[in-house]
Amino acid sequence: QLQLVESGGGLVQPGGSLRLSCAVSGSILSIFAMGWFRQSPGAQRELVAHITKTGTTNYADSVKGRFTISRDNAKNTVYLQRNSLKVEDTTVYYCHPTSVGGSPMPLNYWGQGTQVTVAS
């Protein structure tokens, strides 16, 4: 059974850094690419970054140069290092299996997400 547990969110000042973690159950990381998404109330969920099984990464234009996605298959964990945070980065972040192209897999399950608030 798929389980995704996001953590690492919190309150940070503009310009600060946070690292998000996503613990993934089972052998998901050996099967799927993984992505980090974010969604604000009333808005569509958007892909922030994703990483393939071979480590190829892609980023949304809004976070290029500031965010870094990585994966540790031995620990069944995906990370999102977020630097130079901006107020507009405030929202809930989710991890989810994706296609190679970054589309979320049509699974009827999302984790609880982790809230990130960027404010002075």
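Conventions and cut-offs
Residues numbered from 1 in each chain as written. Predicted model: local features only at pLDDT ≥ 70, side-chain atom pairs only at ≥ 80, totals over all residues. Heavy atoms only, no water. Disulfide = S-S within 2.5 Å. Helix = DSSP H or I, 4+ residues; strand = E, 2+ residues; numbered from the N terminus. Buried < 20%, exposed > 50% of the residue type's maximum accessible area, 1.4 Å probe, protein only. Salt bridge = Lys/Arg side-chain N within 4 Å of Asp/Glu carboxyl O. Pairing = 2+ DSSP bridges. Axes fitted to C-alpha atoms, helices over the stretch in contact; angles between N-to-C directions.

Novice: Outline the state of the cysteines, supporting the account with residue identities and numerical values.
Specialist: Applying the stated criterion to the full structure yields 1 disulfide. Cys22 shares a disulfide with Cys95; S-S distance 1.8 Å. With the S-S bond torsion at 50 degrees, the cross-link from Cys22 to Cys95 turns out right-handed. With a gap of 73 residues between them, Cys22 in strand E3 (residues 18-24) and Cys95 in strand E9 (residues 91-98) connect regions that are remote in the sequence. A residue is classified by how much of its surface remains accessible, and Cys95, at 0% relative accessible area, is buried.

Novice: How would you explain the pattern of salt bridges if you had to name every residue and give the values?
Specialist: Here the structure, examined in full by the defined rule, presents 4 salt bridges. Across the salt bridge formed by Arg38 and Asp89, the nearest N and O atoms sit 3.1 Å from each other. One end of the pair, Arg38, is in strand E4 (residues 33-39); the other, Asp89, is in the loop between strand E8 (77-82) and E9, and 51 residues separate them in sequence. For Arg38, a relative accessible area of 7% gives the class buried. Residue Lys64 pairs with Asp61 through a salt bridge whose shortest N-O separation is 3.2 Å.

Novice: I'd like a description of the sheet that holds strand E2 (residues 10-12), backed by residues and values.
Specialist: Strand order in this open sheet of 6 strands is E2-E10-E9-E4-E5-E6, and the pairing throughout is mixed. Each edge of the open sheet is held by one strand with a lone partner, namely E2 and strand E6 (57-59). Within the sheet, the average angular offset between the axes of one strand and its neighbour, ignoring direction, is 25 degrees. Where E4 meets strand E5 (residues 46-51), 5 bridges bridge the pair, whose relative direction is antiparallel. Note on E5: the bridge partner recorded for Gly35 is His50.

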